[in-house]
Amino acid sequence: MTATTPAAAPGYRARRTLPLRVEARRQLRRRRTLVIAAILTLLPFVLVAAFAIGGDPGTRNTGRISLMATATASGGNFAATALFVSAGFLLVVPVALFCGDTVASEASWSSLRYLLAAPVPRDRLLLSKLTVGLVFSAAAMLLLPLVALAVGTAAYGWGPLQLPTGGALAPGDAVLRLAVVTGYVFVSQLVTAALAFWLSTVTDAPLGAVGGAVGLTIVGNVLDQVTALGDWRAVLPAHWQYAWADALQPQMEWSGMLQGASVSVSYALVLTALAFRGFARKDVVS
């Protein structure tokens with residue numbers, strides 16, 4: 001006897017299930033989203049207070065020019081410094097949280113099977129949640145430099161961006177360079193986003209997915225410090241996380257950022273494919 005495919009309910013359209021606006025509204029109302037936004041907003045104020053208490057950082061780096069040494073030179077320098085001190089770890093957390101606390105949170109609430117029974121196709125559910133997670137991650141990446149630029153300009157004035165290698169960029173050019181830096185930081189974090197998302201599809205514990213992504217990112221940073229690995233470090237995404245420093249030169253260099261972006265995107269594509277493939281075959285019971 002030949003099995004027949006049941007007819008879809010009148011008016012049912014798979015592409016209309018779990019709209020992005022609905023998923024975005026749900027994520028926006030969650031407390032952890034507000035906490036992340038508050039932390040990223042408060043960080044520039046904390047840095048200004050630290051510089052006010054500790055004095056001009058430039059006086060502590062005699063004969064050495066660095067981003068930290070020029071942090072109080074202008075609003076642009078302050079924004080660049082804020083990105084420098086947060087890109088290695090702080091910005092990893094919201095990316096891992098927004099992309100890792102997606103599918104796993106639904107499973108922990110025992111609502112995942114009801115979403116699939118709605119019926120929401122599995123690939124549609126994953127695509128909606130991944131898209132919203134990436135959008136919120138991009139918003140977090142954008143929020144920090146924007147607030148830092150505003151706070152830094154109010155505290156230290158609007159002026160040229162003093163470069164670590166010497167020289168300066170006009171304020172208008174500085175804003176464009178900071179936009180490039182912010183974009184690269186987001187692209188470099190795609191591997192963390194994809195790792196967290198993949199872990200979210202294989203566990204029912206949101207903290208496990210988020211913590212696993214953050215932990216493995218830290219392991220990558222540690223391995224990059226092992227010089228004995230030699231050229232093998234070039235395959236680690238962490239090896240290229242500060243390649244954006246090439247944008248803060250008189251003549252911007254693209255080679256390092258292109259290599260770093262290619263490594264991050266390659267890992268992200270593989271991990272995302274694993275997430276979709278594994279979830280399509282997963283027996284969802286929660």
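Check the entry above for the structure.
Report on the accompanying structure. (Residues numbered from 1 in each chain as written. Predicted model: local features only at pLDDT ≥ 70, side-chain atom pairs only at ≥ 80, totals over all residues. Heavy atoms only, no water.)

### With respect to a nonpolar patch on the surface
So, point 1. A cluster of nonpolar residues, L216, V219, L223, V226, L229, W232, V235 and Y267, forms a patch on the protein surface that exposes about 710 Å² of accessible area.
So, point 2. If one sorts the elements of the nonpolar patch by residue count, helix α10 (residues 206–224) sits on top with three residues.
So, point 3. Within the secondary structure, Y267 is located in helix α11 (residues 255–281). (Patch = residues over 30% accessible without salt bridge, like charges linked within 9 Å, V, L, I, M, F, W, Y side chains within 5 Å. Areas by Shrake-Rupley, 256 points an atom, 1.4 Å probe, with all protein chains shown as cover. Salt bridge = Lys/Arg side-chain N within 4 Å of Asp/Glu carboxyl O. Helix = DSSP H or I, 4+ residues; strand = E, 2+ residues; numbered from the N terminus.)

### Quick look at the packing of helix α3 (residues 75–87) against helix α7 (residues 122–156)
For any two helices packed against each other, the geometry comes down to the angle between their axes and how far apart the axes lie.
So, point 1. Following both chains from N to C, one finds α3 and α7 inclined at 140°, their axes separated by 7 Å at the closest point. Classified by the angle their axes make, α3 and α7 are oblique. The hand of the α3/α7 crossing is right-handed. Contacts from G75, G76, F78, A79, A82, L83 and S86 of α3 reach α7 at L144, P145, A148, L149, V151, G152, T153 and Y156.
So, point 2. In terms of residue class, the contact of α3 with α7 is built from 10 nonpolar, five polar and no charged. (Axes fitted to C-alpha atoms, helices over the stretch in contact; angles between N-to-C directions. Parallel < 35°, antiparallel > 145°, perpendicular 65-115°, else oblique. Left-handed = near helix turned anticlockwise from the far one by under 90°. Contact = heavy atoms within 4.5 Å. Nonpolar A, V, L, I, M, F, W, Y, C, P; charged D, E, K, R; others polar.)

### Side note on the packing of aromatic side chains
So, point 1. Per the stated rule, a full pass over the model turns up six aromatic pairs.
So, point 2. With a centroid separation of 5.7 Å and 50° between ring planes, the pair formed by F78 and Y156 is classed as tilted. Of this pair, F78 sits in helix α3 while Y156 sits in helix α7, and the two are 78 residues apart along the sequence.
So, point 3. Relative accessible area serves as the criterion here: at 0%, F78 is assigned to the buried category.
So, point 4. The class for Y156 is partly exposed, based on a relative accessible area of 23%.
So, point 5. Here the aromatic rings of F197 and F276 are separated by 6.4 Å at their centres, their planes lie at 45°, and the arrangement is tilted. Taken together, the residues span a long stretch of sequence, with F197 in helix α9 (residues 190–202) and F276 in helix α11 at a distance of 79 residues.
So, point 6. Taken together, the ring pairs in this structure connect F51, F78 and Y156 into an aromatic cluster. (Phe/Tyr/Trp six-rings, centres within 6.5 Å; stacked < 30°, edge-to-face > 60°. Buried < 20%, exposed > 50% of the residue type's maximum accessible area, 1.4 Å probe, protein only.)

### Here's the deal with α7
So, point 1. For α7, which comprises 35 residues, the first-to-last C-alpha distance of 51 Å matches the rise-based estimate of 51 Å (1.5 Å per residue) to within 8%.
So, point 2. Backbone geometry just downstream of α7 places G157 in the positive-phi region, at approximately 95°. (Expected span 1.5 Å × (residues − 1).)

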